[in-house]
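Understanding the architecture of this molecule
Listed here are the chains, written in short residue letters.
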Amino acid sequence: MFRILVSDAISEEGLAPLLAAKDIEVVQKKVSEVADELDQFDALLVRSATKVTEELLEKMPKLKIIGRAGVGVDNIDVEAATKHGVVVINAPNGNTISTAEHTFAMMASLVRRIPQAHISVKSREWNRSAFVGVELFGKHLGIIGFGRIGSEVAKRARAFGMHVHVYDPFLTKARAEKIGVDACSLDELLAASDIITVHTPLTKETKGLLGPKNLAKTKKGVYLINCARGGIIDEQALIPFLENGHVAGVALDVFEQEPPGDHPLLSFDNVIVTPHLGASTVEAQLNVATQVAEEVLHFLEGKPVTSSINLPTLSKDVYEKIQAFYTLARKMGSLASQYMTEPVHEIAVTYCGSVADLETTFITRSLLAGFLKPRVASTVNEVNAAMIAKERGIAFSEKFSANGNDYNNSITLTVYGETQTFTIKGTHIAHYGDRIVHFNGFAIDFAPEGHLLYIQHLDKPGMIGKVGQILGDHQVNIATMQVGRQEAGGKAIMMLSLDKPLEEELLEKLEQVSDIDTVKKLEL
Ligand SMILES: NC(=O)C1=CN([C@@H]2O[C@H](COP(=O)(O)OP(=O)(O)OC[C@H]3O[C@@H](n4cnc5c(N)ncnc54)[C@H](O)[C@@H]3O)[C@@H](O)[C@H]2O)C=CC1
Ligand SMILES: O=C(O)C(=O)COP(=O)(O)O
């Protein structure tokens, strides 16, 4: 049974896949209303109101996934979620059109002074000369941030006969030309635009992007629009530019603090505002709720997510291709970690043959999670494995080779410790399963599963018998046994799979047998 907390107002119709699912309980309450039960939730669904802080995450130890029914995740401490191994997903395109349309509604309202005229008429006035506006046709629109919403705004602007200038450090000239916009530098955009609208996420780089310095570079009489995030246009910095008339008008859907309270900007007649309504349409809310509900359901069913903020995203197709290697890699990581009981400073993975062509980032994360799990007390999974490895000073690298080295595919993992180096190689054989084909310098062939017992010994007659005798005397049944050696009479290994885990006392007995060098219990 999974419990999901929906702590913001999310479309009930969109939540239908979760509400209808068996073994899932959906609780639609604010965080403050379930303060005593926070440790019982597996998933959390939010919009922009709930602040998902590290403190909240610490109160939710069972949490596996956070679904943001919308785009911006600046209300979620994604780094803390990653640290806690919690997947964060969003609905990146469900509200694009609604927000682009709202931006346009704001633009038209701003230049034609519709809100002010509306209030005037409602106040029983009829003052036509007070509300003379300007046309959008022929004006220069500057769009800062040319992602999903920015590009939809551009399409609409072109239909209105506007010239569109775009600044986005990640936009190529070729794409800009194809869409028919002028890709330019920020300074060029600021100097050329009659109206500027921002559509970036709120990040360290974009916070205060339109602050005192950049506002001074704009044309006198410029109009500004923020339907992205409060703070991209610095609210305090706007005040003198409004007072001296340099900025002709501002439209804000979002604020540095929401609600903004008694903010000085609200006193300006030429500042028009809405209460964060960009995504507030029936269609957008249904889209984003359906997207996150389906994703969360998939995730809880153990399927891949397609729009994660802190995991590489995988299509169903790709996931099916990598699934087998993902499991093999996790087991190899775990075996290496259990074998190498000393501190490790580097992990190197080589993908050979068909696996080298796949999306290996995810496989490597799985391998790291498998490696770290026996070593860390907290949750470790694909989400936080790379971060934890880094924190512990473990470097990791990937190499690729088209040649499978006798196998259709293989993964080789080398772990560098303080005093020794350990190498393990595995392969996945379709319709047969995972095999470890190389272990600590020995060619061997065993299935990585269950209760394993590794013994390194001298290659001489009677060794298998001695081990078999000790295990038999203690009622431990051997399910399978594989052997490998480097040369006749030299070092050799046995890998036994047992029907039950080995007790410590038996391990010690085996270690005392003459010509047995190493005994290790490996659990998968
Ligand atoms: N008012 C509302 O209700 C809504 C607001 N939003 C907000 O709109 C914003 C944009 O959303 P999308 O277009 O869906 O995101 P997106 O990720 O598709 O586009 C963002 C664009 O900003 C660009 N960018 C990033 N850093 C930049 C920088 N320093 N300078 C210039 N460009 C930069 C990126 O390259 C990207 O192309 C987000 O902040 C989102 O939270 C989204 C939906 C509703
Ligand atoms: O999707 C976004 O980024 C939004 O800003 C929409 O926010 P909301 O879900 O309406 O609180």
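Residues numbered from 1 in each chain as written. Chains lettered and ligands numbered in written order. Predicted model: local features only at pLDDT ≥ 70, side-chain atom pairs only at ≥ 80, totals over all residues. Heavy atoms only, no water.

The protein has the name D-3-phosphoglycerate dehydrogenase in an unreviewed UniProt entry, where Thermolongibacillus altinsuensis is given as its organism. Turning to the protein, the UniProt record has this under Function (unreviewed entry): "Catalyzes the reversible oxidation of 3-phospho-D-glycerate to 3-phosphonooxypyruvate, the first step of the phosphorylated L-serine biosynthesis pathway. Also catalyzes the reversible oxidation of 2-hydroxyglutarate to 2-oxoglutarate." According to UniProt, the comment filed for the protein under the heading Sequence similarities (unreviewed entry) is "Belongs to the D-isomer specific 2-hydroxyacid dehydrogenase family." (UniProt positions renumbered as here; feature names shortened; annotations may be inferred.)

If you trace the seven strands from one edge of the open sheet to the other, you get β8-β7-β6-β9-β10-β11-β12, paired in parallel fashion. Of all strands in the sheet, those with a lone pairing partner are β8 (182-183) and β12 (271-273), marking the two edges. Pairing of strand β11 (residues 247-252) with β12, which is carried by three bridges, proceeds in the parallel orientation. Among the inter-strand pairings, L252 is bridged to a residue of β12, identified as V273. Packing of helix α6 (residues 148-159) onto the sheet brings it into contact with β6 (140-144), β7 (163-167) and β9 (195-198), and relative to β6 it is tilted by some 170°. (Pairing = 2+ DSSP bridges. Helix = DSSP H or I, 4+ residues; strand = E, 2+ residues; numbered from the N terminus. Contact = heavy atoms within 4.5 Å. Axes fitted to C-alpha atoms, helices over the stretch in contact; angles between N-to-C directions.)

Grouped together as the largest cluster of nonpolar side chains are 72 residues, with contacts concentrated most on I4, L18, V296, I347, I411 and F439. Per-element accounting of this core gives the leading share, 10 residues, to helix α12 (residues 316-339). Counting contributing residues per domain, this core is built from domain 1 (2-92 + 283-301) and domain 3 (316-523), each supplying no fewer than three. If we ignore the near neighbours within four places in the chain, the residues touching I4 are L18, I24, E25, V26, V27, F41, A43, L45, V296 and L300. (Core = buried A, V, L, I, M, F, W, Y, C linked by side-chain atoms within 4.5 Å. Buried < 20%, exposed > 50% of the residue type's maximum accessible area, 1.4 Å probe, protein only. Domains from an automatic or database assignment.)

Here we come to the domain arrangement of the protein. Once the domains are mapped, the protein shows domain 1 (2-92 + 283-301), domain 2 (95-273) and domain 3 (316-523). Distance from the C-alpha centre of domain 2 to the C-alpha centre of domain 3: 58 Å.

This part is about the site of ligand 1. Of all residues adjacent to ligand 1, which total 25 residues, the nearest are R148, I149, D168, F170 and T200. Measuring from an oxygen atom of ligand 1, one finds a side-chain N or O atom of R229 at 3.4 Å. D253 is positioned such that a nitrogen or oxygen atom in its side chain is 2.9 Å from a nitrogen atom of ligand 1. Relative to its free-state accessible area of 870 Å², ligand 1 is covered by the protein chains to the extent of 87%. Tallied by class, the residues present in the shell around ligand 1 amount to 11 nonpolar, 10 polar and four charged. (Near = heavy atom within 4 Å. Polar contact = N/O pair within 3.5 Å; in protein donor to acceptor, adjacent residues only side chain to side chain. Areas by Shrake-Rupley, 256 points an atom, 1.4 Å probe, with all protein chains shown as cover. Nonpolar A, V, L, I, M, F, W, Y, C, P; charged D, E, K, R; others polar.)

So, on to the site of ligand 2. Taken together, R47, S48, R68, A69, G70, V71, G72, N95, R229, H276 and A279 make up the full set of residues near ligand 2. Here an oxygen atom of ligand 2 sits 2.4 Å away from a polar atom, N or O, in the side chain of S48. Between ligand 2 and the protein, one listed contact pairs an oxygen atom with a side-chain N or O atom of R229 at 2.8 Å. Protein chains bury 90% of the 310 Å² of accessible surface belonging to ligand 2 in isolation. Broken down by class, the residue content of the shell around ligand 2 amounts to three nonpolar, five polar and three charged.

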